[in-house]
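Breakdown of the fold
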Amino acid sequence: MNDPYHLKHHGISDSFVLKAFQNVDRIDFVPDKMKSRVYADSPLPIGFKQTISQPSLVAHMTQVLDILPNHSILEIGTGSGFQTVILAEIGRIVTSIEIIPALYETAKRRFTTMKYDNISIILGDGHDGYPDCAPYDRIIVTAASPESPLTLIEQLSSGGKLLIPIGKNHGVQYLTLFEKAMDGTISEEVGIGVRFVPFVRKSS
Ligand code: SAH
């Protein structure tokens, strides 16, 4: 693929991110009726009121997280699995949690067909993270949360980074980067405004 989303014009310069986008075709992650719009830089519906994110935003989030080849990554909100695969192209191992059973099943099948043996997908509520594989070098949440993800921050390794859209549901949220220093101190940096679907609780 020759940069259909003009990622360089969107400020993407991380060579790992650009290479991952060369290796992954978004057409493999959308329902048939959306395939004609797959190379537009826009979010698309994937069913169940959920969306596959805008490619330049997936690239931006991956670049902000600064993923390295030795990283263990936790992703919350698998959705189509597109972001998951971009992470798996760069990092060592990805654990991804999805709450909607049908999306979980479809994504799981995709990862198997595409032979991504460094992805584990879990069906469940990502609010609790996944302590079995913690700590993680990087954590990414691709659903909007009204509050700071304290449980997830606990599952970060020293030097780890967590990126999450924080703000009101159905409004604008801000991509917020948490960083855990070697001494355990947490810093927080607020980034660009985005619109994500809600990070739902299992009971809601
Ligand atoms: N990155 C995905 C898009 C994710 S949309 C892609 O590009 O395809 C957000 C996803 O988060 C949806 O699939 C939604 O079902 C999931 N989600 C919402 N709340 C969740 C929760 N509590 N735990 C796990 N997944 C959740």
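Fair warning: this is a prediction, and the values are worked out from it, not measured in the lab. (Residues numbered from 1 in each chain as written. Predicted model: local features only at pLDDT ≥ 70, side-chain atom pairs only at ≥ 80, totals over all residues. Heavy atoms only, no water.)

**Section: the packing of aromatic side chains**
Overall, the coordinates contain two aromatic pairs when judged by the stated rule. Taking the centre distance of 5.6 Å and the plane angle of 70 degrees together, the rings of F29 and F82 count as edge-to-face. Of the two residues, F29 is situated in the loop between α1 (15-23) and β1 (44-47) and F82 in helix α3 (residues 82-90); the sequence distance between them amounts to 53 residues. Look at F82 and you get buried, because its relative accessible area is 1%. Here a set of aromatic residues connected by ring pairs shows up, and it is made of F21, F29 and F82. (Phe/Tyr/Trp six-rings, centres within 6.5 Å; stacked < 30°, edge-to-face > 60°. Helix = DSSP H or I, 4+ residues; strand = E, 2+ residues; numbered from the N terminus. Buried < 20%, exposed > 50% of the residue type's maximum accessible area, 1.4 Å probe, protein only.)

**Focus on α3**
One turn of an α-helix holds 3.6 residues; hence residues three or four places apart share an orientation. Of all nine residues that make up α3, eight are buried, and the element is covered over most of its length. Taken together, the buried positions of α3 are F82, Q83, T84, V85, I86, L87, A88 and I90.

**A short note on the site of the ligand**
Around the ligand, the structure places 24 residues, and the nearest of them are S80, E98, D125, G126 and V200. A distance of 2.6 Å separates an oxygen atom of the ligand from a polar atom in the side chain of E98. At 2.6 Å, a backbone N or O of V200 approaches a nitrogen atom of the ligand. Isolated, the ligand exposes 570 Å² of accessible area, and the fraction of that covered by the protein chains is 99%. The pocket occupied by the ligand, as judged from atoms lying within 2 Å of grid points, is the largest pocket. For the shell around the ligand, the elements supplying multiple residues, two or more each, are β2 (50-52) and β4 (93-98). Residues of the shell around the ligand, tallied by class, amount to ten nonpolar, twelve polar and two charged. (Near = heavy atom within 4 Å. Polar contact = N/O pair within 3.5 Å; in protein donor to acceptor, adjacent residues only side chain to side chain. Areas by Shrake-Rupley, 256 points an atom, 1.4 Å probe, with all protein chains shown as cover. 1 Å grid on protein atoms, 1.4 Å probe; cavity = no way out; pocket = protein on both sides within 12 Å on 5 of 7 lines; lining within 4 Å. Sits in = over half its atoms within 2 Å of the grid points. Nonpolar A, V, L, I, M, F, W, Y, C, P; charged D, E, K, R; others polar.)

**Some words on the side chain of D125**
As for its position among the elements, D125 is in the loop between β5 (119-123) and β6 (136-141). One buried charge, D125, has no salt-bridge partner; the nearest side chain with opposite charge is R201, at 5.1 Å. Of note is the side chain of D125, whose polar atom sits 2.7 Å from the side chain of H127. Setting aside anything within four residues of it in sequence, one finds D125 in contact with I97, I99, V200, R201 and K202. (Lys, Arg positive; Asp, Glu negative; His and termini not counted. Salt bridge = Lys/Arg side-chain N within 4 Å of Asp/Glu carboxyl O. Contact = heavy atoms within 4.5 Å.)

**Side note on the pattern of salt bridges**
This model, assessed by the stated rule, comprises three salt bridges. Of the charged contacts, one joins D66 and K161 as a salt bridge, the two residues approaching to 4.0 Å between their closest N and O atoms. Of the two residues, D66 is situated in the loop between α2 (55-65) and β3 (72-76) and K161 in strand β7 (residues 156-167); the sequence distance between them amounts to 95 residues. Note that E147 is salt-bridged to R201, the shortest N-O span being 3.3 Å. Taken together, the positions of E147 in the loop between β6 and α5 (150-154) and R201 in the segment after β9 (186-194) put the pair 54 residues apart, joining distant regions of the chain. The exposure class assigned to E147 is partly exposed, which follows from its relative accessible area of 43%.

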